[in-house]
Number of protein chains: 2
Amino acid sequence: MKKFYIAKSRRLRSTPYTNRIESQGVTAYTIYNHMLLPASFGNLEKEYFHLKEHVQVWDVAAERQVQITGKDSSKLVQLMTCRNLSKAKVGRCYYVPIIDEEGGTLNDPVALKLDENKWWLSLADSDVGLYAKGIASGLSLQVEITEPDVNILAVQGPKSFKLMEKVLGKKITELNFFGFDYYSFKGNKFLVARSGWSKQGGYEVYVEKREAGQRLYDELFTAGKEFQVKPGCPNLIERIESALLSAGNDFDSEDNPYECGFDKYIDTESDINYFGKKALIKISKEGINKKLMGILINIDKIEVTESIPLYNNNKIVGDLRSATYSPNLKKVVGIAMIKKECWDKKTPIELKIGDKKCKGTLCDLPIA
Amino acid sequence: MKKFYIAKSRRLRSTPYTNRIESQGVTAYTIYNHMLLPASFGNLEKEYFHLKEHVQVWDVAAERQVQITGKDSSKLVQLMTCRNLSKAKVGRCYYVPIIDEEGGTLNDPVALKLDENKWWLSLADSDVGLYAKGIASGLSLQVEITEPDVNILAVQGPKSFKLMEKVLGKKITELNFFGFDYYSFKGNKFLVARSGWSKQGGYEVYVEKREAGQRLYDELFTAGKEFQVKPGCPNLIERIESALLSAGNDFDSEDNPYECGFDKYIDTESDINYFGKKALIKISKEGINKKLMGILINIDKIEVTESIPLYNNNKIVGDLRSATYSPNLKKVVGIAMIKKECWDKKTPIELKIGDKKCKGTLCDLPIA
């Protein structure tokens, strides 16, 4: 597969860590929320095995925050998501599908309730801040919507717990999954959440002061030597096996949250008020005809740059949206949107990769 | 400057022309509206001189359309822009700064009035569709907001007129600047506007059927041989010299439309209704303290990947946002946001490129 350079510019924003990861050997970027997000340090498979055994520090500043403050902030956040946030607690993270009035899925951020009247939405790749501004203007809500200069560092992998304890102190071991709290390092306070875009465990540090964040970045590598720390990034193999969905890759606004498998984050029963509720009630009554599933394909490489149609007996039964070779399963693993007729997982799937015909088997998510 | 690959995925959408430009030698992409936008075919300067003399065909499918239809469509479009569209005519294009309630500039699309109740906003790089959806939901407007599968081909350069006449017929020569109309090619109708992201003249073809567009693409190269046609893309040198502003590069939501020099597209006098009007009235009364200007720097190369601070006597007087070497002017040309104290164009400007100190001179836009 031919490779192409990225033409950098101010519009594709650098992060406070860009200089560091470039001197540490990043080779490829993707663009995420108009910002550079590292995609590889040269060997995806090595990075995969390393992530599953040791600890990595990731520049995920591209997970931008929409900050919503003011007396109507909770109302606005609720209007955008089908998840019931009426009992949300300060200090907790919530995975919140953002939907439009037709029930299309616009994003799947993690919402952090910082205060009774202060929220962050830690975004996947779309300008949810503009959606929020539109609603707020339309309804004349008492809110302020900004993109604060928050630049997340993720510390991921089984040894992330030891490393973070060493750097930030013992108290951090008490933090529960999807909780967040403040921890000090060299006189600066950092908001740290136990979260991240891998299933290998770890933390996300919501860095609010650039220079303090850079010092923390450097310290994580100094202190991390004994844990074989390496720079890294969300790993395509790991995230597909773990079914950590990627907005824009695995789903988009043409898919509703039921089709994405977000059922447990959808509330159509209570009296909460959000745009798209009527649409979701209708969908929940009628049922869905497609959903995301895993797929295993007996080939040893693939590069998905757009939807790849999936067939059974020359009839399209779905489309493949993300896939990569898994050195663990020794085959290609993927995430695909699949029509109802194939949900039994018994239907053989055919697809064409270039000129080559291949066969696949469907499975549930997560794959491994 | 180190180069980095782009990690392709479904999320960074390909266009109907991607296969073609990749076999024609594209070397670099940028990402624009979550889509691949070619940035170079290997030699920016050669492409610059070619564009100014001959004709190029550009894959600018990344200029995505927000389609707004329904009885409140004109109301919604007006709510988003400070330009008075009350007398807008079907068949005309309008450059419309999109602003938020604080008067920040969110985008600068070209609006096409397709019908009394049908508009397209041909976007720069931000999800204005989400802003529109938010407003529409907030105000319960009778509109439908979609992203149609429109993939623009631009034909740019002085010989574009001859080439388009040869392919689409004599009638196209009657099309005025920023007008649009429909023209036939091999049984398919194409919406063609006299517009484009260069000042060298030309057209944008709003392709609504992928395969028909691919056939047109191929024909433009066959018919274009006698005009030395080449594949191309918006050219950094040409666009900076011509001061074709780039949203996200030259301005963002922290800048108001007065600071961007959009004065003639701002209406604070009439009774039109848009979000941000109150803010703009206040700004117009108080005056602005920074604005976009041109800058000339006596060096022979530069790569701007983030704002570069500009100094006078060790005091920051602005920041450089886009710049490139102009083989025409034999110096670096740039677009910078400049504080009022330097608007006289006499203040010498200092900046650091890497470790090197350089000097610059301010000028009006466009530069050349």
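Definitions and limits used
- Residues numbered from 1 in each chain as written.
- Chains lettered and ligands numbered in written order.
- Predicted model: local features only at pLDDT ≥ 70, side-chain atom pairs only at ≥ 80, totals over all residues.
- Heavy atoms only, no water.
- Phe/Tyr/Trp six-rings, centres within 6.5 Å; stacked < 30°, edge-to-face > 60°.
- Helix = DSSP H or I, 4+ residues; strand = E, 2+ residues; numbered from the N terminus.
- Lys NZ or Arg CZ within 6 Å of the ring centre and 35° of its normal.
- Least-squares fit on C-alpha atoms with pLDDT ≥ 70 in both.
- Contact = heavy atoms within 4.5 Å.
- Axes fitted to C-alpha atoms, helices over the stretch in contact; angles between N-to-C directions.
- Left-handed = near helix turned anticlockwise from the far one by under 90°.
- Nonpolar A, V, L, I, M, F, W, Y, C, P; charged D, E, K, R; others polar.
- Buried area = accessible area lost by both parts, 1.4 Å probe.
- Salt bridge = Lys/Arg side-chain N within 4 Å of Asp/Glu carboxyl O.
- Polar contact = N/O pair within 3.5 Å; in protein donor to acceptor, adjacent residues only side chain to side chain.
- Pairing = 2+ DSSP bridges.

With respect to the packing of aromatic side chains
Scanning the model with the defined rule gives 21 aromatic pairs over all chains in all. Measuring from centroid to centroid gives 5.5 Å for A:Tyr95 and A:Phe262, while their planes differ by 80 degrees, and the two rings are edge-to-face. Taken together, the positions of A:Tyr95 in strand S6 (residues 93-95) and A:Phe262 in the loop between helix H7 (236-241) and helix H8 (277-286) put the pair 167 residues apart, joining distant regions of the chain. Between B:Phe177 and B:Phe178, the aromatic rings sit 4.8 Å apart at their centres with planes inclined by 25 degrees, giving stacked as the arrangement. An aromatic cluster of at least three residues, connected via ring pairs, comprises A:Tyr95, A:Phe251, A:Phe262 and A:Tyr265. B:Lys189 extends its terminal NZ or CZ atom over the ring of B:Tyr182, reaching a point 4.8 Å from the ring centre.

Topic: the relation of the copies chain B and chain A
Placing chain B over chain A gives an RMSD of 0.0 Å and needs a rotation angle of 180 degrees, together with 0.0 Å of translation along the axis. The superposition of one copy onto the other is thereby described by a two-fold rotation axis. Same-surface contact between copies: 100% of interface residues of chain B are shared with the interface of chain A.

Here we look at the packing of helix H3 (residues 73-80) of chain B against helix H4 (residues 128-139) of chain B
Residue and element names in this part refer to chain B. Running from N to C, H3 and H4 cross one another at 115 degrees; their axes reach a closest spacing of 10 Å. Viewed along their axes, H3 and H4 form a crossing whose handedness is right-handed. Together, Leu-76, Leu-79 and Met-80 of H3 and Val-128, Tyr-131, Ala-132, Ile-135, Ala-136 and Leu-139 of H4 make up the contact between the two elements. For the contact of H3 with H4, the per-class residue count stands at nine nonpolar, no polar and no charged.

Re the interface of chain B and chain A
Every contact between the two is made by 52 residues of chain B and, on the other side, 52 residues of chain A. When the two sides are added together, the surface that chain B and chain A hide from each other amounts to roughly 4,900 Å², 52% of it contributed by carbon and sulfur. Viewed at the interface, chain A and chain B are joined by six salt bridges. In this structure, A:Arg10 and B:Asp252 form a salt bridge, with 3.2 Å as the shortest nitrogen-oxygen distance. The interface formed by chain B and chain A contains 35 residue pairs in polar contact (both at pLDDT 80 or more). Listed by contribution, the elements that provide at least two residues to the side of chain B that touches chain A are strand S1 (5-6), helix H1 (18-23), strand S2 (28-32), H4 and strand S19 (315-326) of chain B. Broken down by element, the side of chain B that touches chain A gets its largest block of residues, nine residues, from H4(B). As paired strands, strand S2 (residues 28-32) of chain A and S1(B) are joined by two bridges and run parallel to one another. Among the inter-strand pairings, A:Ala28 is bridged to a residue of S1(B), identified as B:Tyr5.

Geometric values such as these leave the question of function open.
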